[in-house]
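Structural features, examined
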Amino acid sequence: MGCDGGTIPKRHELVKGPKKVEKVDKDAELVAQWNYCTLSQEILRRPIVACELGRLYNKDAVIEFLLDKSSEKALGKAASHIKSIKNVTELRLSDNPAWEGDKGNTKGDKHDDLQRARFICPVVGLEMNGRHRFCFLRCCGCVFSERALKEIKAEVCHTCGAAFQEDDVIVLNGAKEDVEVLKSRMEGRRLKAKLGKVYNHIPCWLFVFPATNGTSSGKVGKAPCGAVKRSIADSEESEAYKSLFTTHSSAKRSKEESAHWVTHTSYCF
């Protein structure tokens, strides 16, 4: 069973120390985040969409995920917050003219430059390789570097001119703190939309509140308890106004003037 041939075991062979924590290759992590779909783990290809948390997906992968009705979805946690296709935005990306891809690597012996990226910022020209922070506008889907939005401050998109607010800016592949902020915004928007749907389904008559005494707000008020009902005929209004009501003397008909109800109404002459 070992140690029987005159060998002397060393200390590290007998004493088990703490396991070494494997360091994650940052370059490999950046390549995975910016070049592969978060859901299917396949290489990103147009049309590319992004969720409200700033993760990148292939649109067809999201559609397949939504159509999958099985109880256990593969990698479901990565897209559990996506309930419909409306929860993602199709990105309008700007191609990098310096990126060749696999065009010049026919023999397979060409070194892949991880600094090169398929897409760039259309304003300042930074490459979208994970070295710089990028974001997209939820209202139109245009993608920019965060530096471009800070240096050229505007309330409209730099590319299409669509108006946007601070809530429309979504950081792509942000840090943990960025994801938490985006998640709180997402939950707030969805709660607001849900309350709006509930509000639209409430009957309008539930919003008629009794008017306060002494006010003329135009709202329908409820008569106070013990109030005496007054007839229009006893009011001080003009005769023309009183004649609009059936209690007025001009609206009353005798039997001779009243016709049979089958032929026509008693108010027709």
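Residues numbered from 1 in each chain as written. Predicted model: local features only at pLDDT ≥ 70, side-chain atom pairs only at ≥ 80, totals over all residues. Heavy atoms only, no water.

Per an unreviewed UniProt entry, the protein goes by the name Replication termination factor 2 and belongs to Ceratotherium simum simum. Here is the UniProt Sequence similarities (unreviewed entry) comment for the protein, exactly as written: "Belongs to the rtf2 family." Per its UniProt entry, the protein bears the Subunit (unreviewed entry) comment "Interacts with DDI2; probably also interacts with DDI1." (UniProt positions renumbered as here; feature names shortened; annotations may be inferred.)

1. A closer look at the packing of aromatic side chains
A full pass over the atoms with the stated rule returns one aromatic pair. On the numbers, 6.5 Å between centres and 70° between planes, the contact of Trp34 with Phe134 is edge-to-face. Of this pair, Trp34 sits in helix α2 (residues 26–35) while Phe134 sits in strand β6 (residues 134–137), and the two are 100 residues apart along the sequence. What makes Trp34 buried here is its relative accessible area of 7%. Residue classification places Phe134 among the buried positions, given a relative accessible area of 0%. (Phe/Tyr/Trp six-rings, centres within 6.5 Å; stacked < 30°, edge-to-face > 60°. Helix = DSSP H or I, 4+ residues; strand = E, 2+ residues; numbered from the N terminus. Buried < 20%, exposed > 50% of the residue type's maximum accessible area, 1.4 Å probe, protein only.)

2. Concerning the pairing of β6
Here β6 shows two buried faces, one formed by Phe134 and Phe136 and the other by Cys135 and Leu137. In the sheet, β6 pairs with strand β7 (residues 143–145) via three bridges, with the strands oriented antiparallel. Its bridge partner being in β7, Phe134 is matched across the sheet by Ser145. Connecting the antiparallel pair β6 and β7 is a turn made up of five residues, with Gly141 showing a positive phi of about 90°. Taken together, the three bridges between β6 and strand β8 (residues 169–171) define a ladder with antiparallel strand orientation. Across the sheet, residue Cys135 finds its bridge partner in β8, namely Val171. (Pairing = 2+ DSSP bridges.)

3. With respect to helix α5 (residues 176–200)
An α-helical turn contains 3.6 residues, so any two residues separated by three or four positions project in the same direction. Over its 25 residues, α5 runs 36 Å from end to end, which matches the ideal 36 Å to within 8%, given 1.5 Å per residue. When α5 is considered as a whole, its buried residues turn out to be Asp178, Leu182, Met186 and Arg189. Check the buried side of α5 and you find it contacts β8. (Expected span 1.5 Å × (residues − 1). Contact = heavy atoms within 4.5 Å.)

4. Some thoughts on the nonpolar core
Tyr57, Ile82, Leu91, Met128, Phe134, Val143 and Leu172 are the most contacted members of the largest nonpolar core, which has 42 residues in total. Those residues within four positions of Ile82 in sequence are excluded, and the remaining contacts are Cys51, Tyr57, Val62, Phe65, Leu66, Asn87 and Val88. (Core = buried A, V, L, I, M, F, W, Y, C linked by side-chain atoms within 4.5 Å.)

5. A short note on the sheet that holds β8
Judged by pairing direction, the sheet is antiparallel, and its three strands sit side by side in the order β7-β6-β8 without closing on themselves. Since the sheet does not close on itself, it has two edges, and those belong to β7 and β8, each with one partner. When strand polarity is set aside, the average angle formed by the axes of neighbouring strands in this sheet is 35°. (Axes fitted to C-alpha atoms, helices over the stretch in contact; angles between N-to-C directions.)

6. Brief notes about the side chain of Asn58
Mapped onto the elements, Asn58 comes out in strand β2 (residues 56–58). A relative accessible area of 1% means that Asn58 is categorised as buried. In terms of polar contacts, Asn58 uses its side chain to reach the backbone amide nitrogen of Arg45, at 2.9 Å. If sequence neighbours within four positions are ignored, Asn58 has contacts with Cys37, Ser40, Glu42, Ile43, Leu44, Arg45, Pro47 and Val49. (Polar contact = N/O pair within 3.5 Å; in protein donor to acceptor, adjacent residues only side chain to side chain.)

7. So, the sheet that holds strand β1 (residues 48–51)
The three strands lie next to each other as β2-β1-β3, forming an open sheet whose pairing is antiparallel. Because the sheet does not close on itself, it has two edges, and the strands there are β2 and β3 (88–90). When strand polarity is set aside, the average angle formed by the axes of neighbouring strands in this sheet is 35°. Sheet analysis places β1 next to β2, joined by three bridges and oriented antiparallel. Across the sheet, Ala50 pairs through a bridge with Leu56, a residue of β2. Along the sheet, helix α3 (residues 59–67) contacts β1, β2 and β3; its crossing angle with β2, the most-contacted strand, is approximately 80°.

8. Digging into the environment of Val49
Relative to the helices and strands, Val49 resides in strand β1. With relative accessibility at 1%, the residue Val49 sits in the buried group. Considering only alpha carbons, one finds Val49 and Gly141, 92 residues apart in sequence, at a separation of 8.6 Å. Every residue in contact with Val49, bar those within four places of it in the chain, is listed here: Arg55, Leu56, Tyr57, Asn58, Lys59, Val62, Val88, Thr89, Glu90 and Leu91.

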